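If you want the building blocks of each chain, they are given just below.
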Amino acid sequence: LDPVLTPFWELLTRMSPLWLHPNTMTLVGSTSLRPGFFLSAYYAWGMVEVSPMWLCLLSVTGVFLWQTLDNMDGRQARRLGLSSPIGDFFDHGLDILSLYLLITQVGSFLRPGGSLYPILFITAQCSPFVLHYYVFWDRLWTRELYLGPISITEGQFVIMAVMVAGGVSDGPLWQTETMFFGLQRGDLVMAAAAFVFTIVSPLGIVL
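Owing to the predicted nature of the structure, the values given are computational and were not obtained by experimental measurement.

**Re the overall build of the chain**
The helix and strand tally for the chain stands at nine helices and zero strands. Listing each helix as α and each strand as β along the chain from the N terminus yields α-α-α-α-α-α-α-α-α. Projected onto the principal axes, the alpha-carbon positions of the chain cover approximately 55 × 40 × 25 Å. Buried positions account for 44% of the 207 residues belonging to the chain. Taking all contacts inside the chain whose residues are at least 6 apart in sequence as the whole, residues at least 24 apart take part in 79%. By element, 73% of the accessible surface of the chain is carried by carbon and sulfur atoms, the whole surface being about 10,900 Å².

**So, the packing of helix 1 (residues 2–15) against helix 4 (residues 53–80)**
Where helix 1 contacts helix 4, the axes come no closer than 9 Å and their chain directions differ by 60 degrees. Seen along the crossing, helix 1 lies across helix 4 with a hand that is right-handed. Where helix 1 approaches helix 4, its residues L5, T6, F8, W9, E10, L12, T13 and R14 are matched on the opposing element by F64, Q67, T68, N71, M72, R75, Q76 and R79. Across the contact of helix 1 with helix 4, the residue classes break down as six nonpolar, six polar and four charged.

**Quick notes on helix 4**
Here helix 4 is 28 residues long and its end C-alpha atoms lie 40 Å apart, about the 40 Å a rise of 1.5 Å per residue gives. Just past helix 4, the residue G81 takes up positive phi, approximately 70 degrees.

**Considerations on the packing of aromatic side chains**
Throughout the structure, instances matching the rule amount to seven aromatic pairs. A ring pair is formed by Y134 and W137, whose centres lie 6.3 Å apart and whose planes are at 75 degrees; its orientation type is edge-to-face. With a gap of three residues between them, Y134 and W137 both fall in helix 6 (residues 119–142), about one helical turn apart. Feature note: the residues Y42, Y43 and W54 constitute an aromatic cluster, connected by ring pairs.

**Re a nonpolar patch on the surface**
A surface patch of nonpolar side chains, about 610 Å² in accessible area, is lined by Y133, W137, L140, W141 and V206. Ranked by the residues each element gives to the nonpolar patch, the list is headed by helix 6, at four residues.

**What about the packing of helix 3 (residues 34–43) against helix 5 (residues 85–110)?**
Between helix 3 and helix 5, the least distance of the axes is 9 Å, while the angle of their chain directions is 40 degrees. Relative to helix 5, the element helix 3 lies oblique. Judged by the sense of rotation from one axis to the other, the crossing of helix 3 with helix 5 is left-handed. Residues R34, G36, F37 and S40 of helix 3 lie in contact with helix 5, whose contacting residues are L97, S98, L101, T104, Q105, S108 and F109. By residue class, the composition of the contact of helix 3 with helix 5 is four nonpolar, six polar and one charged.

**Observations regarding the nonpolar core**
Formed by 25 residues in total, the largest nonpolar core has its most connected members in V63, L102, V106, L110 and M163. Going through the elements one at a time, helix 4, helix 5, helix 6, helix 7 (152–169) and helix 9 (185–206) are the ones with two or more residues in this core. Of the residues forming this core, the biggest block, six residues, is contributed by helix 5. V63 has contacts with L33, L102, Q156, M160 and M163, leaving out every residue within four places of it along the chain.

**Describing unusual backbone geometry**
Located in the positive-phi region is R111, a residue other than glycine, with phi close to 55 degrees. For R111, the location among the structural elements is in the loop between helix 5 and helix 6. Note on R111: relative accessible area 0%, which makes it buried. Positive phi, normally seen in glycine, also occurs at R143, with a value near 65 degrees. Looking at where R143 falls in the secondary structure, it is placed in the loop between helix 6 and helix 7. Overall, the relative accessible area of 70% leaves R143 in the exposed class.

What counts as what
- Residues numbered from 1 in each chain as written.
- Predicted model: local features only at pLDDT ≥ 70, side-chain atom pairs only at ≥ 80, totals over all residues.
- Heavy atoms only, no water.
- Helix = DSSP H or I, 4+ residues; strand = E, 2+ residues; numbered from the N terminus.
- Buried < 20%, exposed > 50% of the residue type's maximum accessible area, 1.4 Å probe, protein only.
- Contact = heavy atoms within 4.5 Å.
- Areas by Shrake-Rupley, 256 points an atom, 1.4 Å probe, with all protein chains shown as cover.
- Axes fitted to C-alpha atoms, helices over the stretch in contact; angles between N-to-C directions.
- Left-handed = near helix turned anticlockwise from the far one by under 90°.
- Nonpolar A, V, L, I, M, F, W, Y, C, P; charged D, E, K, R; others polar.
- Expected span 1.5 Å × (residues − 1).
- Phe/Tyr/Trp six-rings, centres within 6.5 Å; stacked < 30°, edge-to-face > 60°.
- Patch = residues over 30% accessible without salt bridge, like charges linked within 9 Å, V, L, I, M, F, W, Y side chains within 5 Å.
- Salt bridge = Lys/Arg side-chain N within 4 Å of Asp/Glu carboxyl O.
- Parallel < 35°, antiparallel > 145°, perpendicular 65-115°, else oblique.
- Core = buried A, V, L, I, M, F, W, Y, C linked by side-chain atoms within 4.5 Å.

See below:
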């Protein structure tokens, strides 16, 4: 999806004021996830409760803002000649934290609190760390940032779709039990996310 969205990100960057520092864009983008995260924790602390629809929309908006600003900050840095190792570390450090909080927040919509296999949710939470390790191990040797065959952009859109589906269905969609060893639909989503982040993308990077 990156080639499709790149013209949109570049247009917004050209429209951004020259006084707007790229690190500010990074911080604002990462912060946009926090309201949805903390409100999800409030409304669905046990991860079995149904979150209100307005929270679903707020969460999706936060993810979209993070995605957009996260793709604009580097362009703004190059536009202003402000690229630096500190900015690079700040950007990707916040990305790792934001991904962890985001996947935790998705749990309030998948409701793994009632699952027989909570380890799947814990694995999905930790999977971004595995992917980022391989991304930066690869960059150490190639000097290029390659996110694998399935990038975070696709993952963000999947997350937004999961949130919307969970909010619209009012709960039953992801809690419906499947024929596979008592796994719920939400369990399958978390297993798929963990598989992509820990196996598919790292293997693509290595190859």
